[in-house]
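# Remarks on the overall topology
Chain by chain, the residues:
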Amino acid sequence: MGIMTYTVVLYNYKRVYLNMVHLSSFLLKTYHGGHIVIRLAMAGHKQSNRPFYRIVAAYNKRARDSKYIEQLGSYDPLPNIYNEKLVSINSDRIKYWMGCGAHPTKPVAKLLGLAGFFPLHPMTVTETERHRALAELAEEAAPEDGVKQQQL
Amino acid sequence: LSLMALRLRLKNSFCHSFDAPVLTSSISEVINLFLGSPDAHVKPQFLDSEVQDILTRITGLNLEKVFRPIKQELKPPKYKLMTDAQLEEATQSAREQAQRLLKMPPVLPERKPINDVLSEDKILEGMDTAKYVFTDITFNIPHRERFIVIREPTGTLRKASWEERDRILQVYFPKEGRRLTAPPVFKEENLKVVFGQDRHEDMLDLCQVQFEPDSSEYIRVHAATYEDLEKMGKYDLLRSTRHFGGLVWYLVNARRVDGLMIDMLQKDLLQDAVSLVGLFNKVHPHSETAQEASSQQAYGLDLLKIYAKRESQRAGYVELALQAYEQTSAESTV
């Protein structure tokens, strides 16, 4: 009979026949100088006009939408019929990856700050203030337009 | 009993494990110990072992009704050749299966609304026009303890209300048969139509699947169903199903047991009637019936007579039925 061989099906559906010796190099791929990040990856088909993000732990060097290590949640940026944006967070696993030294990106940090999982991100406050200033400017412009229309 | 006609009921309704906290078998005894004095009496709860015994006995076990053919995937029937002994065994296992299927869903008090605000951040006001709903999808937490928080556009971070919780848990952890919005059958007008078609049992099963046992919707639909059954006197519809215990409990707590009593006497179910009065006495120990019964140590028919005298509004009817029963029993013995 000889040594036991194992069949591994790779992500590109090719079958590879291995002995025990070879298994490890296929599973533990590390990048030189890379680290793990927790970020938003766009999920779903690229041609549709409907964004949907997954909160994901992935290697820094990988493409945004390609293979990740683990999915830690989801974020739907379009509000539903109850005017809610649904965000799911797997707090247990996020704590694990943060403990392993993963860095969250700015959007993820903002979301988690809004959730109460992290302290509030300073940029959230700044953005809110900017948004409010813009809204006030728009309000001042709108009555002026209305007055001008009446004059005309 | 033709075994060919016995087909196992799909366990649709039983895939849903009740997430309500499990109460000990005799909670009133535990509370009594706690209170110390033996005179202080705590009302017996639905899930006490004694109450459950009485209710299971009253529910009955009609195998034909429990295993009646229901709508399921069309498969060719299986025929088995059996000896008498094997048929006995199969009937016995069917009986046990039926007992498990007849397990009563819990009756819980209505849940209190959640009004917890975790943080008020006025600096975040006007950041967005939509709410953010954050759900914790860690796998090993029971659904009742999960964190579901909402960040409003005004900046407050609050816990989600019960209805929002139910909806969002259905999004992330869907239960089979449950819909995100309640089907319009549960509105008052539509309920009446369904009751007109005698489909109370289906209604209650649907309600079981859709709502949590302590939600206001569940309690409202159940109350409406029980009221309609009591008004029409159609107790037989629920007789060998798992909802009968709930019906009896509701009627006993509302002290409107007359219709059920008369129905039982008409069907010659004397033991059931006696157990019913016994349950009534347990739940309302300060009523006249209970006090007289305990003073006289009455059993059997005497209990019924005391009940007819003291508590019942249609006393004449109950006494007539009792007399008729006594006559028939006398004639059958003679």
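These remarks concern the structure in this document. All figures in this text were calculated on a predicted structure; none of them were measured in a lab.

The next point concerns the sheet that holds strand β2 (residues 131-136) of chain B. The mixed open sheet is built from 9 strands, whose spatial order is β7(A)-β3(A)-β4(A)-β5(A)-β6(A)-β2(B)-β3(B)-β4(B)-β1(B). The sheet is open, and its two borders are formed by β7 (103-104) of chain A together with β1 (117-120) of chain B, each paired with just one other strand. Against the sheet, helix α2 (residues 91-99) of chain A engages β3 (36-42), β4 (53-59), β5 (70-75), β6 (84-89) and β7 of chain A together with β2 of chain B, with an angle of about 125 degrees to β5(A).

All names here are of chain B. Put simply, helix α6 (residues 188-196) and helix α8 (residues 216-232) touch, their axes get as near as 11 Å, and they point 40 degrees apart. Looking at the two axes, α6 sits oblique to α8. Relative to α8, α6 is oriented so that their crossing is right-handed. Contacts between α6 and α8 involve E188, L191 and F195 from the first element and R220, V221, A224, T225 and D228 from the second. Split into classes, the residues belonging to the contact of α6 with α8 amount to 4 nonpolar, 1 polar and 3 charged.

Let us now look at the interface of chain A and chain B. Counting from both sides, the interface comprises 27 residues of chain A and, opposite them, 27 residues of chain B. In this assembly, chain A packs against chain B so that about 2300 Å² is buried in total across both faces, 57% of it on carbon and sulfur atoms. Where chain A packs against chain B, one counts 2 salt bridges. For the salt bridge of R167(B) with E84(A), the shortest nitrogen-to-oxygen distance reads 3.1 Å. For the side of chain A that touches chain B, the element with the highest residue contribution is β6(A), accounting for 6 residues. A breakdown of the residues in the side of chain A that touches chain B according to their chemical character gives 11 nonpolar, 12 polar and 4 charged. As paired elements, β6(A) and β2(B) share 6 bridges and run parallel to each other. In the sheet register, E84(A) faces β2(B), and the bridge partner there is K131(B).

Criteria and cut-off values
- Residues numbered from 1 in each chain as written.
- Chains lettered and ligands numbered in written order.
- Predicted model: local features only at pLDDT ≥ 70, side-chain atom pairs only at ≥ 80, totals over all residues.
- Heavy atoms only, no water.
- Pairing = 2+ DSSP bridges.
- Helix = DSSP H or I, 4+ residues; strand = E, 2+ residues; numbered from the N terminus.
- Contact = heavy atoms within 4.5 Å.
- Axes fitted to C-alpha atoms, helices over the stretch in contact; angles between N-to-C directions.
- Parallel < 35°, antiparallel > 145°, perpendicular 65-115°, else oblique.
- Left-handed = near helix turned anticlockwise from the far one by under 90°.
- Nonpolar A, V, L, I, M, F, W, Y, C, P; charged D, E, K, R; others polar.
- Buried area = accessible area lost by both parts, 1.4 Å probe.
- Salt bridge = Lys/Arg side-chain N within 4 Å of Asp/Glu carboxyl O.

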